[in-house]
Amino acid sequence: MNIPFVGLSIQHKHLHNEINSAIQGVMNRGDFILGKDVSSLEEEFAAYCGTKYAIGVDSGLSALELSLRAYDIGPGDEVIVPALTFTATAAAISFTGATPKFIDVDPETWNIDAEKIEEAITPHTKAILPVHLYGLPADMHMMLGIAEKYNLKVVEGACEAHGAMYKGYKVGSLGNAAGFSFYPTKNLGACGDAGMITTNDAKAAEKIRALRNYGQRVKNIHELHPSNHRLDSLQAAILRVKLKHLEEWNASRCRISALYNELLSNADVTRQMKPPGYQHVYYLYVIRSRNRDALQAHLKGRGIETAIHYPLPVHLQPYYAKGEDRHGQFPIAEKLCNEVLSLPMYPELTEEQVEIIVSEIKLSQKTAV
Ligand SMILES: *Cc1c(COP(=O)(O)O)cnc(C)c1O
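As a starting point, this report considers the structure included with it. Quick caveat, the model's predicted, so the values are computed rather than measured.

Rules behind the numbers
Note on numbering: residues in each chain are counted from 1, in written sequence order. Confidence filtering applies because this is a predicted model: local features only for residues at pLDDT of at least 70, side-chain atom pairs given and counted only at 80 or more, and all residues used for totals across whole chains, interfaces and linings. As a rule here, side-chain values cover all heavy atoms of the structure and leave hydrogens and water aside. By this definition, two strands are paired if DSSP reports at least two bridges between them. Only runs of H or I of at least four residues qualify as helices and only runs of E of at least two qualify as strands under DSSP, and these elements are numbered from the N terminus. What counts as an axis is a line fitted to C-alpha atoms, over the stretch in contact for a helix, and the angles between N-to-C directions run from 0 to 180 degrees. Only heavy atoms enter the contact rule, under which two residues are in contact if any of them lie within 4.5 Å. Any Lys or Arg side-chain nitrogen found within 4 Å of a carboxyl oxygen on Asp or Glu counts as a salt bridge. For the exposure calls, accessible area comes from a 1.4 Å probe over protein chains only, and a residue counts as buried if that area is under 20% of its type's maximum, exposed if over 50%, partly exposed in between.

Read across the sheet, three strands follow the order β7-β6-β13 without closing on themselves; strand pairing throughout is antiparallel. Looking at strand neighbours, the two that pair on one side only are β7 (169-170) and β13 (278-279), the edges of this open sheet. Here two bridges tie strand β6 (residues 165-166) to β7, and the two strands are oriented antiparallel to one another. When the sheet's bridge partners are listed, Met165 is paired in β7 with Lys170.

Below you can see the structure in the form of structure tokens.
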């Protein structure tokens, strides 16, 4: 028995013909750079998220970086960001020349602790970058209230939350702008690197279109930061095929998570708390265990692949710690990093596989006592 952590090959087998003809369409037209499929995907993804605009880029990292640049965030500015996230969230801030200002996460939802945002605000603070961690929306009501009070921008880190809903609204439609990643394993994934920005702000959208294409508003006039962050037409063509299945895949992830929840209810593990009115899309199904490492080793021995998101909070990453000992600065994020374990999660995972995974978790706990 072998249960992989992700199951992309199963998904691609089902879509084989559709993906091949989408690729062939691009090959026949030859519009490889910012072609027809890029603009069509942008329209379709904006409609899906309920925003006026969507702009395709080359990665989730670029999506966040260009969203910040669209609001002139740069050297001397500070952007508030959770300590528990993928490094890309902070890297996007660093790439603009601004400084990430880390804050701790909420012990229940594991998302940015909105209560701690105000005390981290300084005269240099320009924006908040909340992350919808593992697919669970952050507390956007609090975030937008604080942003209004202090005149800050909110850029949603939506890289793990395609299709998640916050009180009836899709993530990506709540802040000033949002960055999505189409990294292959994400709920909507390309066959390579790709990303997208959503916004309702016409000025920001126009600026981002120039920023992704060497700062050109007019051909050959490089007015803004000149860099290349274009989305490939081939990736856009593949993503258009997959976008049609996103809702059904997310529903499947929700069913699998409900089964995990039910079967794990009498096991010695805890989970991320989902507040009422929040719709999680389970990019990851993450449990918390005091014996995480032993549990992971046990599952590995039984052919069950798991992962850790993330083994280190961002402030402890060598690049950000800069030789300082920053242990203890954000205790909740640090503790979670020692205890979280991501279980296999993908739309094609079967009930039987979930049952096997859970019974092995329970077995591991029995033998640990
Ligand atoms: C996947 C991800 C990103 C961006 O990923 P790319 O590899 O740049 O597409 C950013 N933030 C978070 C939280 C992510 O999970």
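Let's pick the thread back up.
Attention now moves to the sheet that holds strand β3 (residues 99-103). Read across the sheet, seven strands follow the order β1-β9-β8-β5-β4-β2-β3 without closing on themselves; strand pairing throughout is mixed. Of all strands in the sheet, those bounded by a partner on one side alone are β1 (53-57) and β3. If you compare each strand with its neighbour and ignore which way they point, the axes differ by 25° on average. One ladder, built from five bridges, connects strand β2 (residues 78-82) with β3; its direction is parallel. Directly across from Val81, in β3, lies its bridge partner Phe102. Helix-sheet contacts for helix α5 (residues 87-96) involve β2 and β3, and the interaxial angle to β3 is about 145°. Of the strands in this sheet, β4 (125-128) and β5 (153-157) touch helix α7 (residues 140-150), which is tilted by about 155° from β5.

Moving on to the pattern of salt bridges. This structure, assessed with the given rule, holds 21 salt bridges. A salt bridge links Lys170 to Glu247; its shortest N-O distance comes to 3.9 Å. Separated by 77 residues along the polypeptide, Lys170 in strand β7 and Glu247 in helix α10 (residues 246-264) bring together distant segments of the chain. Under the relative-accessibility criterion, Glu247 is labelled partly exposed at 44%. Notably, a salt bridge pairs Glu206 with Arg217, separated by 2.7 Å at the nearest N-O pair. Of this pair, Glu206 sits in helix α8 (residues 202-211) while Arg217 sits in strand β10 (residues 216-218), and the two are 11 residues apart along the sequence. Within the structure, one salt-bridge network assembled from shared partners comprises Arg29, Asp31, Asp37, Glu44 and Arg240.

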